[in-house]
Amino acid sequence: MSANWRAVGFAAAFYLLLGANLPYLPVWLERARGLSGTEISLIFAAGTLLRIFLGPLVGAQSEQKGLKRTLFQLSVILVLAHGLVVPEGPTILLAMVIGAAAVFGGVIIPLSETLLLAGTKRGWPDYGLARAIGSMAFIATNLVLGFLIARYGAEIVIWWLLFASILLAGMSLIQPAELGASRQAQAAGANLQTSLNEGFGLYASNPRILMAGLASSFIQAAHAYYYNLGSNVWLGQGIAEAHLGSLWSIGVALEVLLLIVSGWLFRSWSAGAIMLLGGLGAMLRWTIIGFAPSIGVLYLAQAMHALSFAATHIGYMQFLRSEVAPEKVGVVISISSAVGYGPMLAILGIIAGYWYDTFPSAQAQGFWIMAASAFAGCLCILPILRSQPQSAAVGG
């Protein structure tokens, strides 16, 4: 199996996990375990905030100890965490293990992107198609798990998460041996502190990298209400449970389509322009959903996930490829995720949970807070559009 397809296999396994976690775990926590919106948001926010400290360290470790080894260790932790989700266990234990899964699952996200970028540099599939296949796994999970929940009950979510974690650990083991520590790092005797200093140094020396990271963080963190409580909000509006899987899937389906054609569609676009398209799409999406529209309009708004998430993501990855030396991409993504996206996601998630509990008759209007975050992201993109890129050969 080529390195490209091994990377695809890992991504697909990860999105089998994420496809169960985002739409269905918050509903299970509220309806089966009786947690409030604030409690659910605090659990996920705590995990997100812990990633501020853990994310850069793990990103640096992957550079020094090897990406393959790091991914396997994180996957094993997810297996243990999901294995401890006892349906009728104490709430404090539930909060601890769900929070731990949120921490280490979140840390895997930037490393998974690093794996895809490294594994698809040559050959087929390319990055866009490889990332699209991962998204297809997300869609399949949305639809299949929705059917299984209707047939066997919500507890099937926990078993799915455990199965996906085990599969993820297995896929990490078959990654190429060259995903070990780089020879340069070994020869130089580099350590975690050196890697972190170099990563943060890129942000200090290149304002474009800083602004792109902030822009991506504001726009992607605007998904907080959707990720934490979107399904709960829609059920509260009287939308049938049968629509949940489809509402999540339609956005990811359009995301897949955009990823597949991105190389052709955006071939003459700058990375900043692609990110701005994503930010504007996010503003429009959350504004519409904040009006609690009819189911038909809601499906149309959900289709904008192709812009709010995928276009922003494609633009940011394209930006990093052009501005950051390849061996530093993993650390830069991890730092951006930890100190930008992570805190913003946690803060917006807590605000969303408070809004959800405090204004039960206006829960949908909480999405307008997310639109404001996307607007802030668009403002951060403007300096990137006006400035000229620096050379990635010198690390940006």
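For the structure, check the block above.
Nothing here was measured: the structure is a model prediction, and the numbers come from that model.

A look at the packing of aromatic side chains
Reasoning step 1: The final tally for this structure, using the stated rule, is 11 aromatic pairs.
Reasoning step 2: Aromatic pair phenylalanine 138 and tryptophan 248: ring centres 6.5 Å apart, planes at 40 degrees, arrangement tilted. Within this pair, whereas phenylalanine 138 is found in helix α5 (residues 127-152), its partner tryptophan 248 is found in helix α11 (residues 244-265), the two being separated by 110 residues in sequence.
Reasoning step 3: Taking relative accessible area as the criterion, phenylalanine 138 reaches 5% and is therefore assigned buried.
Reasoning step 4: Classification of tryptophan 248 as buried rests on a relative accessible area of 1%.
Reasoning step 5: Judged by centre distance (5.0 Å) and plane angle (65 degrees), the rings of phenylalanine 291 and tryptophan 368 are edge-to-face.

Points about unusual backbone geometry
Negative phi is the rule for most residues except glycine; trans is the rule for most peptide bonds.
Reasoning step 1: With a phi close to 50 degrees, alanine 292 is a non-glycine residue in the positive phi region.
Reasoning step 2: Among the secondary structure elements, alanine 292 is positioned in the loop between α12 (271-289) and α13 (295-303).
Reasoning step 3: For alanine 292, a relative accessible area of 38% corresponds to the partly exposed category.

Some words on empty space enclosed by the protein
Reasoning step 1: Using the criterion set out here, one finds 1 cavity of 30 Å³ or more in the structure.
Reasoning step 2: Of the volumes computed, that of the largest cavity is approximately 920 Å³.
Reasoning step 3: Around the largest cavity, the lining comprises 45 residues; the ones closest to its centre are Leu18, Arg51, Ile109, Tyr227 and Tyr341.
Reasoning step 4: Taken together, the residues of the lining of the largest cavity break down into 25 nonpolar, 16 polar and 4 charged.

Description of the pattern of salt bridges
Reasoning step 1: Counted by the stated rule, this structure contains 4 salt bridges.
Reasoning step 2: Measuring nitrogen to oxygen at the nearest pair gives 3.2 Å for the salt bridge that ties glutamate 241 to arginine 31. Here arginine 31 lies in helix α1 (residues 3-31) and glutamate 241 lies in the loop between α10 (224-236) and α11, a separation of 210 residues in the sequence.
Reasoning step 3: Of the residues examined, arginine 31 reaches a relative accessible area of 51% and is grouped as exposed.
Reasoning step 4: Arginine 208 is the partner of glutamate 323 in a salt bridge, and the nearest nitrogen-oxygen pair spans 2.7 Å. Linking glutamate 323 in helix α14 (residues 305-323) with arginine 208 in helix α9 (residues 207-221), this pair joins segments that are 115 residues apart in sequence.
Reasoning step 5: On the basis of relative accessible area, arginine 208 is assigned to the buried category, the value being 10%.
Reasoning step 6: Connected through shared salt-bridge partners, Glu113, Arg131 and Glu255 make up one network.

Details of helix α2 (residues 37-65)
Reasoning step 1: Counted at 1.5 Å a residue, the expected span for α2 with its 29 residues is 42 Å, and the 39 Å between its end C-alpha atoms agrees.
Reasoning step 2: Its maximal kink placed at isoleucine 52, α2 deviates by approximately 45 degrees, while the proline proline 56 follows within four residues.
Reasoning step 3: With its phi angle positive at about 115 degrees, glycine 66 sits one or two positions after the end of α2.

Section: α9
Reasoning step 1: Look at α9: 21 Å from first C-alpha to last across 15 residues, which is about the 21 Å you get at 1.5 Å a residue.
Reasoning step 2: Here α9 has its buried residues at Arg208, Ile209, Ala212, Gly213, Ala215, Ser216, Ser217, Ile219, Gln220 and Ala221.

Re the environment of histidine 82
Reasoning step 1: With respect to the helices and strands, histidine 82 occurs in helix α3 (residues 67-83).
Reasoning step 2: Look at histidine 82 and you get buried, because its relative accessible area is 4%.
Reasoning step 3: Through-space distance from the C-alpha of histidine 82 to that of glutamine 302 is 29 Å; in sequence the pair is 220 residues apart.
Reasoning step 4: Those residues in contact with histidine 82, other than ones at most four positions away along the chain, are Leu17, Ala101, Ile158, Leu161, Leu162 and Ser165.
Reasoning step 5: Among the polar contacts made by the side chain of histidine 82, one reaches the side chain of serine 165 at a distance of 2.7 Å.

Analysis parameters
Residue positions are counted from 1 within each chain, in the order its sequence is given. The predicted origin of the model limits local features to residues at a pLDDT of at least 70 and limits the giving and counting of side-chain atom pairs to 80 or more, whereas totals for whole chains, interfaces and linings rest on all residues. The side-chain figures draw on all heavy atoms in the structure; neither hydrogens nor water molecules are used. In summary, the pairing rule links any two rings of Phe, Tyr or Trp, Trp by its six-membered ring, whose centres are within 6.5 Å, and it sorts them by plane angle into stacked for under 30 degrees, edge-to-face for over 60 and tilted for everything else. By definition, any uninterrupted DSSP run of H or I lasting at least four residues is a helix, any uninterrupted run of E lasting at least two residues is a strand, and each is numbered from the N terminus. Each residue is placed in one exposure class: buried if its accessible area under a 1.4 Å probe, protein chains only, is under 20% of its type's maximum, exposed if it is over 50%, and partly exposed if it falls in between. Of the two site types, the cavity is a set of points on a 1 Å grid over the protein atoms alone where a 1.4 Å probe fits but cannot get out, and the pocket is an open set with protein on both sides within 12 Å along at least five of seven lines, each lined by residues with an atom within 4 Å of a point. Grid points are joined across faces, edges and corners, and a volume is the space filled by probe spheres set on the points. In this count, Pro and Cys sit with the nonpolar residues alongside Ala, Val, Leu, Ile, Met, Phe, Trp and Tyr, while Asp, Glu, Lys and Arg are called charged and the others, Gly among them, polar. One side-chain nitrogen of Lys or Arg within 4 Å of one carboxyl oxygen of Asp or Glu is enough to make a salt bridge. One less than the residue count of a helix, multiplied by 1.5 Å, gives the span that helix is expected to have. Take the seven residues that end at a residue and the seven that start at it, fit an axis to each, and the angle between those axes is the bend at that residue. Note on contacts: a residue pair qualifies if any of its non-hydrogen atoms lie within 4.5 Å across the two residues. Pairs of N or O atoms are called polar contacts if they sit within 3.5 Å, as long as, within protein, a hydrogen donor faces a hydrogen acceptor (for residues adjacent in sequence, only side-chain-to-side-chain pairs).

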